[in-house]
Amino acid sequence: MKIINISSYLAIVTLLVLITIPSSESYTNHTVGGASGWYFNRSSNKSITDYSKWASGKTFNLGDYLIFDTNTNQTVIQTYNETAYKICNADDTTDASVYSGGAEIGKQVVLSVPLIIEGDNYFFSSADDGAQCQKGMAFKIDVEHGVGLPPSLNQPPPPPFVDPPPSGQSTTPSDTTNPSPQAEKFHKNGGESGRIMGMQHIGVVYSCVLFGFLVLVL
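Residues numbered from 1 in each chain as written. Predicted model: local features only at pLDDT ≥ 70, side-chain atom pairs only at ≥ 80, totals over all residues. Heavy atoms only, no water.

**A few points about the state of the cysteines**
Step number 1: This model, assessed by the stated rule, comprises one disulfide.
Step number 2: One disulfide bridge connects Cys-88 with Cys-133, the sulfur atoms lying 2.1 Å from each other. Disulfide Cys-88-Cys-133: torsion about the S-S bond near -70 degrees, hence left-handed. Residue Cys-88 is found in the loop between helix H3 (82-87) and strand E7 (97-99), and its partner Cys-133 is found in helix H4 (residues 131-134); the two are separated by 45 residues along the sequence. (Disulfide = S-S within 2.5 Å. Helix = DSSP H or I, 4+ residues; strand = E, 2+ residues; numbered from the N terminus.)

**Some remarks on the pairing of strand E9 (residues 119-124)**
Step number 1: With three bridges joining them, strand E6 (residues 76-79) and E9 adopt antiparallel strand pairing. The residue bridging Ile-77 from the neighbouring strand is Phe-124, located in E9. (Pairing = 2+ DSSP bridges.)

**Focus: the sheet that holds E6**
Step number 1: With mixed pairing, five strands are arranged side by side in an open sheet as E4-E10-E9-E6-E7. Either end of the sheet is taken by a strand with one partner, and the two such strands are strand E4 (60-61) and E7.
Step number 2: With three bridges connecting them, E6 and E7 associate as antiparallel partners. Bridging from a neighbouring strand, Val-76 pairs with Tyr-99 of E7.

**What to know about the packing of aromatic side chains**
Step number 1: Summed over all chains, the structure comprises nine aromatic pairs.
Step number 2: Relative to Phe-68, the ring of Trp-38 has its centre 5.2 Å away and its plane inclined at 80 degrees; by these criteria the two rings are edge-to-face. Of the two residues, Trp-38 sits in the loop between strand E1 (29-31) and strand E2 (40-41) while Phe-68 sits in strand E5 (residues 65-71), which places them 30 residues apart along the sequence. For the residue pair Trp-38 and Phe-68, the accessibility class agrees, reading buried in each case.
Step number 3: Pairwise contacts between aromatic rings join Trp-38, Tyr-51, Trp-54, Phe-60, Phe-68, Phe-123 and Phe-139 into one cluster. (Phe/Tyr/Trp six-rings, centres within 6.5 Å; stacked < 30°, edge-to-face > 60°. Buried < 20%, exposed > 50% of the residue type's maximum accessible area, 1.4 Å probe, protein only.)

Here is the structure:
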């Protein structure tokens, strides 16, 4: 009869479980432009480095951050609209986000931009009415799913802003318990995704435990 060493069995099971647990280091901070940062060289009238070249060959996933080491003279526009990217102008889009460091001229700042939507993400500078964008301050990346969004970024969008009623006019309070269809869809998809990932993870853990036990017994 083969004697089972419980300590060895538990050590194997623990190792297998740790291997199957997603690492908290699955998300990456990408410093845009590397050591060059996010700057425009006015002497040469072009970006300080080739940002499209910097982005090529890199893997970007949901939950990653783009880190822009820059100053308050620069801006960052994030959009999912290819046309806005090509014309270096996002004024007519509804999905653009603008990142800047404030009104103080030339102050060093770090702008952190989360990647929360899969697929094509476009970034460019709106400084000088898009002239810097046309001279190289722009790049495109393809965001992959990876391990999915972390809980801190996987939140439903806030409710739309509604103007307050005129003074003295009574209104019926809105039903805040029923989210908008968009928010509910986002919430359900996120919850379903989490449940599926959780069930898959539990199944993998049980398989590892059974495998370790069979190896020691047989």
